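Results of the structural survey
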Amino acid sequence: MPLLASVIAGGAIITPIVIVLVKSLSTGKLGASVGFTVANYLRVFGDRDILPLLNNSILYAAGSALLGTGLGGLLAWIVARTNTPGKALVELMPLYPILMPPIMKNIAWILLLAPKSGILNNMLQEYFGIEAQIFNAFSMAGMVWVFGLACVPLGYLFLLPVFLSFDPSLEESAYIAGSRPVHTTLRITFPLAVPAFLSALVLNFLRGLRSFETPVLQGTPGNINVFVSRVYDSMALEFNTGLATAYSVVLVVLSVITLFFYIRATRFSERYATITGKGYRVKVLDIGIWKYVTFLAVFVYFLVGIAIPFVVLIVVSMIPYFDYETFMKFPSNMVLSNYTKVMKHPSFITGLYNSLVLSITIALSTVLAGIVMAFTIYRTRTYGAKVFEFIGTLPLAFPPLVLSVGLVIVFLGTPLYNSLWALGLGLFVAYFPYAFRNASGSIVNIHKELDEAAWVHGAKWRHVFFKITLPILKPSVGGALFYIFIEAIRNVDVAVLLTSPGHEYGPVTLFEYFRVGQWAEAAAGGVIYLLILIVAVSVAKFAFNLKFSL
Amino acid sequence: MAILKVQGLIKTFKDVQALDNVSFEFEKGILSFLGPSGCGKTTLLRSIAGLEVPDAGAISIADQVQTSVEDGILVPPYARKIGFVFQNYALWPHMTVYSNVAFGLKLRKLGKEEIKRKVLAALELVGLQGREERYPSQLSGGQQQRVALARSLALEPRLILLDEPLSNLDAKLREEMRVEIRKLIKKVGISALYVTHDQEEAFTISDAVIVMEAGKILQYAAPDDIYNHPAHSFVASFIGHAMLMDARIVTLQGSDCLVTVPEFNGATLVLPAPKQGAAGDACKIVIRTTEIRLSNEKFPEGTDNVLEGLMTSREHRGGLLDHRVQVGSKEIVVTSHKLCPLIRFNGDGGKTFLSIDKSAISIIVDP
């Protein structure tokens, strides 16, 4: 039984991936594919734009990763190790990415930084008479800025535990050897955080390679293309599956190389392991006058990274339409018409409903399937079960957009194509690895004797699974359900190719609104999602007792 | 010139009194702070290093004030010219053995050649030559320990502080290392402070021992003195290998005194007189059981402190024999070497005589 369930889940995962690889080597457009060809690869690699494309992709991903991880690490150090006033502003950091509604970080920053209509450029002109449009959301710098800020929480979360659980005697022995606090921080504290920093950096780089909204909403209008936006264009505009899959394979290769470096970075950290496991009291450094500098850093990050985007979003959702003058008149021109308009839109209502139902279903099904698969691998003596370990992790190497390219091709011409099943399956494959890795991490940590005691006392696998494994896993199941729900409910990059009229997905609907210029309505929709996310966080906090700080 | 002088040190953590008015002076050599966990010994060591700021009191090293709460003096740890070996060694995992040892030397702005010479000399001293390019995680626990020692010694500190340096090693290595650490420190010729909760370790390694409990110094003396003449009942019980019993002083006769011991059916024992105390005072006596003699026959007339008991069992323990003898309501375990004059053991309850030299008994009259 558990084996059968794993086989079904494994099959669902591996099929779109194989399809992408096969399709990239076949001729023809939409549906009509026959014969084997490398023409798509020749076109991709023969393209004069391939080098700029590679260049843009790497520059964008690396720039964002550096900005985000660096800033996140610095904030983690400030919070954990200094007596900076007001650092509580940053301590809610883990909550911030959870509350960000779909595509809203891009919308907020485009409204702020757009060259002509952007709020900041207009302000510069009005108050300082600067005509030159200094800020440009549709530039590489604009993209790196927006996605870099989105990378901050991960850097913070990776490095905070390092600075908090730091063995203080490593620093104390430096003091005794004659090293002053600044020197000690630079030579001992920061170098010891390097492995965690590298891990976060590589992971953020990978997220940059796979990210969809920023390249499409900010890169494409500014004619800055990366692989993801090329895959999207060749699929959504040209309907050329061969070309889309060929670009996809290049993207997958880049992802796999990055994953390889991620594994290396984790191994590298083993050298840094010395005797640990004691409860340490971490010493907070009195950094004297510098605490005002770090306070400024914390405060500016809070404003720029958290407060301003949310405020802009909420204000824009409550003005009749977006332009600079209307924006500045707020709140005298406050209206709720955007909300009523959006709520009357059938595409939004269906999308909202579908996203709620599907994300709940996906959260439940991935978590259950993940536990069953992990149980099969680690707790039954099924021959060849280790294969599932590979299959379960495989989708991580595939950017979500590429997965949905594969699913589009699989379902093309079948009745499933224009249905929620395709969408549901896409989300399932995309989020399964997170559920699986969470479950296998927890199952490995449960002492095998607990299971064996049940086997010995006559339990069958389902008794062991339902009476022993599942109850013990309960705490981590709550976290995984919540995480996958809030990720799925704002997914754009899997859903964008799999929606169709009548089968909308809320975040994709907002994405379309924004692309056709209905900015205020998109913002109103975003605020509705914000309310849903707030409810979800409250439920998680009180029902599952999840904590949103470290 | 005393290498270390501590006056009136007080330190409170929340509601725990870690140091309760601690004062002492230390001339030179190796001094151990001995006591159970939580007695304040590590806090005392960390205060001397400047890693902990006391609430009151003063510390001087080599007659230079390092900490003085009253005068607002607090020399930072990096300017105290001391060495410190941490319990978990605290080797910097991102640096090689060489860089770990060279770290402090580089900060002193010494020439490259000189640094190299000193690092290699320190590593040779601890027997780790040829391991310079290893990382700490590639070394065994004992080797990491040696690197930590070398790192401290390379700086030629005025005083080296060791915080339970052997507690992470296995028993056999611990015994080897404590002899070696003493040899090493004596060879270098500096003074050392050594924190431990293991009395055997304290006695083998040091020239003097401070026994602490609940933030107070109970006794400060040479190891022999502490063993033979514990000044406090806590010290006696902590040192172990001794029997601690309630007694009452009967009379004082010159340098001797007579006590009665209720647990020995009120038997009277003679032992060296205490410094204070008078007839009728309650006291405690400490009998070192290793110095009790057993015999199947009566001891000659005039032998000190002869008791009569029943041997209930005898157990072999390696090369030793444990005799369990019931005297009054107390069971005494007398351990003897196998080669000692053999005592017959006729099964359960054989009559046995015991004699205890008066020098094997100490008396404690707790204030």
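Just above sits the structure.
All values reported here derive from a predicted model rather than from experimental measurement. (Residues numbered from 1 in each chain as written. Chains lettered and ligands numbered in written order. Predicted model: local features only at pLDDT ≥ 70, side-chain atom pairs only at ≥ 80, totals over all residues. Heavy atoms only, no water.)

1. As for the packing of helix α18 (residues 346–379) of chain A against helix α23 (residues 461–488) of chain A
Residue and element names in this part refer to chain A.
- Two numbers describe how α18 lies on α23: the axes approach to 8 Å, and their chain directions differ by 140°. Our classification of the angle between α18 and α23 gives oblique. Like other packed secondary-structure pairs, α18 and α23 cross with a definite hand, here right-handed. When α18 is examined against α23, the residues L356, S359, I360, I362, A363, L364, T366, V367, I371, V372 and F375 are found in contact with a partner set consisting of W461, V464, F465, T469, L470, L473, V477, A480, L481, I484, F485 and A488.
- For the contact of α18 with α23, a count of residues per class yields 20 nonpolar, three polar and no charged. (Axes fitted to C-alpha atoms, helices over the stretch in contact; angles between N-to-C directions. Helix = DSSP H or I, 4+ residues; strand = E, 2+ residues; numbered from the N terminus. Parallel < 35°, antiparallel > 145°, perpendicular 65-115°, else oblique. Left-handed = near helix turned anticlockwise from the far one by under 90°. Contact = heavy atoms within 4.5 Å. Nonpolar A, V, L, I, M, F, W, Y, C, P; charged D, E, K, R; others polar.)

2. As for the packing of aromatic side chains
- Summed over all chains, the structure comprises 24 aromatic pairs over all chains.
- Between A:F260 and A:F261, the aromatic rings sit 5.9 Å apart at their centres with planes inclined by 70°, giving edge-to-face as the arrangement.
- You can call A:F260 partly exposed: its relative accessible area is 47%.
- Cluster of aromatic residues (ring-pair linked, three or more members): A:F322, A:F327, A:F514 and A:W519.
- For B:R151, the ring lying beneath its charged end belongs to B:W92, and the centroid distance is 4.3 Å. (Phe/Tyr/Trp six-rings, centres within 6.5 Å; stacked < 30°, edge-to-face > 60°. Buried < 20%, exposed > 50% of the residue type's maximum accessible area, 1.4 Å probe, protein only. Lys NZ or Arg CZ within 6 Å of the ring centre and 35° of its normal.)

3. Digging into the interface of chain A and chain B
- Facing the 28 residues of chain A at the interface are 29 residues of chain B.
- Across the chain A/chain B interface, buried area totals approximately 2500 Å², and carbon plus sulfur atoms make up 64% of it.
- Where A:E172 meets B:R46, a salt bridge forms, and the shortest distance between an N and an O atom there is 2.7 Å.
- At the surface where chain A touches chain B, the tally comes to seven residue pairs in polar contact (both at pLDDT 80 or more).
- No other element matches helix α9 (residues 168–176) of chain A, which puts seven residues into the side of chain A that touches chain B.
- When its residues are assigned to classes, the side of chain A that touches chain B shows 13 nonpolar, six polar and nine charged. (Buried area = accessible area lost by both parts, 1.4 Å probe. Salt bridge = Lys/Arg side-chain N within 4 Å of Asp/Glu carboxyl O. Polar contact = N/O pair within 3.5 Å; in protein donor to acceptor, adjacent residues only side chain to side chain.)

4. A word on the sheet that holds strand β10 (residues 208–213) of chain B
Residues and elements named next belong to chain B.
- Pairing is mixed across the open sheet formed by six strands, whose spatial order is β7-β8-β9-β3-β10-β11. Among the strands making up the open sheet, the edge pair consists of β7 (82–85) and β11 (216–221). Shown here is a sheet whose adjacent strand axes are inclined to one another by a mean of 15°, direction ignored.
- Lying on the sheet, helix α4 (residues 141–153) is in contact with β7 and β8 (159–163); it crosses β7 at an angle near 170°.
- Running at roughly 140° to strand β3 (residues 30–34), helix α5 (residues 171–188) makes contact with β3, β8 and β9 (191–196) of the sheet. (Pairing = 2+ DSSP bridges.)

5. Things to note about the pattern of salt bridges
- The final tally for this structure, using the stated rule, is 21 salt bridges over all chains.
- We note a salt bridge from B:D357 to B:R293, for which the minimum N-O separation is 3.1 Å. Pair noted here: B:D357 is in the loop between β20 (350–356) and β21 (361–364) and B:R293 is in strand β16 (residues 292–295), with a separation of 64 residues, a long-range link.
- Residue B:D357 is classed as partly exposed on the basis of its relative accessible area, which comes to 33%.
- On the accessibility criterion, B:R293 (42% relative accessible area) is partly exposed.
- Overlapping salt bridges bring together A:E172, B:R46 and B:E52 as one network.

6. Re the sheet that holds strand β2 (residues 16–26) of chain B
Residues and elements named next belong to chain B.
- Strand order in this open sheet of five strands is β2-β1-β4-β5-β6, and the pairing throughout is antiparallel. Each of the sheet's edge strands pairs with one partner strand only, and the pair in question is β2 and β6 (73–74).
- In terms of strand pairing, strand β1 (residues 4–13) meets β2 through eight bridges, oriented antiparallel. Opposite K11, over in β2, you have L19 as the bridge partner.

7. Digging into the environment of A:Y321
All names here are of chain A.
- With respect to the element layout, Y321 can be found in the loop between α15 (290–317) and α16 (324–329).
- Separated by 197 residues in sequence, Y321 and Q518 place their C-alpha atoms 8.2 Å apart.
- Ignoring sequence-local partners within four residues, the contact set of Y321 consists of T326 and A520.

8. Brief notes about the pairing of strand β4 (residues 56–61) of chain B
All names here are of chain B.
- Counting buried positions along β4 gives six out of six residues, so the element sits mostly inside the fold.
- With burial as the criterion, each face of β4 is covered, one bearing A56, A58 and S60 and the other bearing G57, I59 and I61.
- Note: β1 against β4, five bridges, orientation antiparallel. The partner of K5 across the bridge, within β4, is S60.
- Across four bridges, the pairing between β4 and strand β5 (residues 64–68) is antiparallel. By the bridge assignment, I59 is partnered in β5 with T67.
- Hairpin connection between β4 and β5: a loop of two residues separates the two successive antiparallel strands, and A62 in this loop has a positive phi of roughly 50°.

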